[in-house]
Amino acid sequence: MSTVNKIRVLLVDDHPLVLDGISARLESEALLEIVGMANDGLQALELAAQLNPDVVLMDISMPVMNGFEASERFRIEQPDVKVLILSMHDNREYIVKLIKCGAAGYVLKDVSSSELISAIETVYGGGTYFSSGASQSLFSQFEQEGGQASAQAQEELTGREKDVLILVSEGNSNKEIARELDISVRTVETHRQNIKQKLDIHTAAGLTRYAIEHKLVD
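Nothing here was measured: the structure is a model prediction, and the numbers come from that model. (Residues numbered from 1 in each chain as written. Predicted model: local features only at pLDDT ≥ 70, side-chain atom pairs only at ≥ 80, totals over all residues. Heavy atoms only, no water.)

Q: Teacher, can you tell me more about the pattern of salt bridges here?
A: Close approach of charged atoms lets side chains of opposite charge pair. Going through the model one piece at a time under the given rule, you end up with seven salt bridges. Glu33 is the partner of Arg8 in a salt bridge, and the nearest nitrogen-oxygen pair spans 3.8 Å. In this pair, Arg8 sits in strand S1 (residues 7–12) while Glu33 sits in strand S2 (residues 32–38), placing the two residues 25 residues apart along the sequence. (Salt bridge = Lys/Arg side-chain N within 4 Å of Asp/Glu carboxyl O. Helix = DSSP H or I, 4+ residues; strand = E, 2+ residues; numbered from the N terminus.)

Q: Looking at this structure, I do not really get helix H10 (residues 185–199). What am I missing?
A: Three- or four-residue spacings in an α-helix give side chains the same orientation, since the helix completes a turn every 3.6 residues. Taking 1.5 Å as the rise per residue, H10 with 15 residues should run 21 Å; its terminal C-alpha atoms sit 21 Å apart, in good agreement. Looking at the residues trailing H10, positive phi occurs at Asp200, about 55°. (Expected span 1.5 Å × (residues − 1).)

Q: Help me out: how do you make sense of helix H4 (residues 92–101) in this one?
A: Within H4, the full set of buried residues consists of Ile95, Val96, Leu98, Ile99 and Cys101. Immediately downstream of H4, the backbone of Gly102 shows phi near 120°, a positive value. (Buried < 20%, exposed > 50% of the residue type's maximum accessible area, 1.4 Å probe, protein only.)

Q: In this structure, what is going on with the side chain of Asp13? I would like to understand it.
A: Checked against the element boundaries, Asp13 lands in the loop between S1 and helix H1 (16–26). Given a relative accessible area of 2%, Asp13 falls into the buried group. Reaching out from Asp13, the side chain makes a polar contact with the side chain of Lys109 at a distance of 3.1 Å. (Polar contact = N/O pair within 3.5 Å; in protein donor to acceptor, adjacent residues only side chain to side chain.)

Q: Honestly, the packing of aromatic side chains in this entry has me stumped. Any pointers?
A: Within a pair of aromatic rings, the relevant descriptors are the distance that separates the centres and the angle that separates the planes. A full pass over the atoms with the stated rule returns one aromatic pair. Relative to Tyr94, the ring of Phe68 lies with its centre 5.4 Å away and its plane at 80°, an arrangement referred to as edge-to-face. Of this pair, Phe68 sits in helix H3 (residues 67–77) while Tyr94 sits in helix H4, placing them 26 residues apart in sequence. Among the residues examined, Tyr94 registers a relative accessible area of 30% and is labelled partly exposed. Positioned over the ring face of Tyr124 is Lys175, at 5.7 Å from the centre of the ring. (Phe/Tyr/Trp six-rings, centres within 6.5 Å; stacked < 30°, edge-to-face > 60°. Lys NZ or Arg CZ within 6 Å of the ring centre and 35° of its normal.)

Q: Even after reading the chapter, I still don't get the nonpolar core, so can you show me in this structure?
A: In globular proteins that are soluble, nonpolar side chains generally tend to be buried together. By size, the foremost hydrophobic cluster in this structure holds 25 residues, and its most contacted members are Val12, Met58, Phe74, Ile85 and Tyr106. Broken down by secondary-structure element, the contributors of at least two residues to this core are S1, helix H2 (41–51), strand S3 (55–58), H3, strand S4 (82–87), H4 and strand S5 (105–108). Sorting elements by how many residues they give to this core places H2 first, with four residues. Among the nonpolar cores identified, the runner-up in size contains 20 residues, and Ile7, Val9, Leu19 and Val123 belong to it. (Core = buried A, V, L, I, M, F, W, Y, C linked by side-chain atoms within 4.5 Å.)

Q: What's the story with the pairing of S1 in this structure? I'm lost.
A: For a regular strand, side-chain orientation follows a simple rule: the groups alternate between the two sheet faces. In terms of residue burial, S1 counts as a mostly covered element, since five of its six residues are buried. The pairing of S1 with S2 spans six bridges and is classified as parallel. Along S2, the bridge assignment pairs Ile7 with Leu32. Crossover connection from S1 via H1 to parallel S2: handedness right-handed. Across four bridges, S1 lies against S3 in parallel orientation. The residue bridging Leu11 from the neighbouring strand is Leu57, located in S3. (Pairing = 2+ DSSP bridges. Right-handed = clockwise from strand over helix to strand, strands pointing away.)

Q: What exactly am I supposed to notice about the pairing of S5 here?
A: Here S5 shows a buried face lined by Gly105 and Val107 and a second buried face lined by Tyr106 and Leu108. When S4 meets S5, the two strands line up parallel, connected through four bridges. Its bridge partner lying in S5, Ser87 is registered against Leu108. The parallel pair S4 and S5 is bridged by H4, and the resulting crossover is right-handed. Where S5 lies against strand S6 (residues 129–130), two bridges are found, and the strand directions are parallel. Following the sheet pairing, Tyr106 is matched in S6 by Phe130. Taken together, S5, helix H5 (residues 113–124) and S6 constitute a β-α-β crossover, and its handedness is left-handed.

Q: Would you mind going over the packing of H2 against H3 with me for this structure?
A: Packed helix pairs are specified by the crossing angle of their axes together with the interaxial distance, meaning the distance between the axes. For the pair H2 and H3, interaxial distance at closest approach is 9 Å and the crossing angle is 25°. Considering their axes alone, H2 and H3 lie roughly parallel with respect to each other. Crossing of H2 against H3: the hand is right-handed. In contact with Gly41, Ala44, Leu45 and Ala48 of H2, H3 contributes Ala70, Arg73, Phe74 and Glu77. (Axes fitted to C-alpha atoms, helices over the stretch in contact; angles between N-to-C directions. Parallel < 35°, antiparallel > 145°, perpendicular 65-115°, else oblique. Left-handed = near helix turned anticlockwise from the far one by under 90°. Contact = heavy atoms within 4.5 Å.)

Structure (structure tokens):
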């Protein structure tokens with residue numbers, strides 16, 4: 001009888017009641033396992049090194065080490081761990097900064113349990129996830145990015161990079177893109193990084209908007 005590997009989740013928030021509430025919302029989900037809880041970013045890094053979580057669900061405003069610094073430390077020191085931010089702030093600058101620090105997604109604390117679970121599953125699979133409130137906050141930033149991406153930059157994309165861009169804009173995870181194009185996940189990640197640098201667009205949602213505006217997808 002085969003067993004399904006659960007997604008190992010580490011919760012990080014400086015309010016014990018919040019941690020208890022989130023844990024209660026997620027612990028009944030068959031595909032998730034809460035492996036630990038931390039009260040700040042530094043403790044999260046230390047626990048993650050011991051517990052090997054797949055996803056870290058983390059707040060921003062915390063003592064000792066906040067979510068910005070912790071996200072960047074995870075990106076550098078534990079790159080296999082996916083960081084998903086769960087915050088009450090819909091501040092565009094916060095969201096953009098966290099994405100640049102390496103966070104794979106940003107969810108507002110008013111989302112439903114089902115959406116939070118979907119977000120965890122999405123970033124675990126190599127995708128990115130933004131709740132509707134966070135996405136709305138980002139739109140003006142995407143408009144600026146889209147305006148900066150010139151036709152010349154698009155022409156600099158290779159054929160394979162355009163293939164990856166189209167699949168990204170359709171919401172596919174890195175694993176799904178790799179399977180579709182018959183290449184490795186690492187190669188997909190390299191193409192995505194090259195695309196971001198060439199177009200000067202640094203978020204998945206921004207790339208999606210660019211692909212639509214330049215008629216690469218419907």
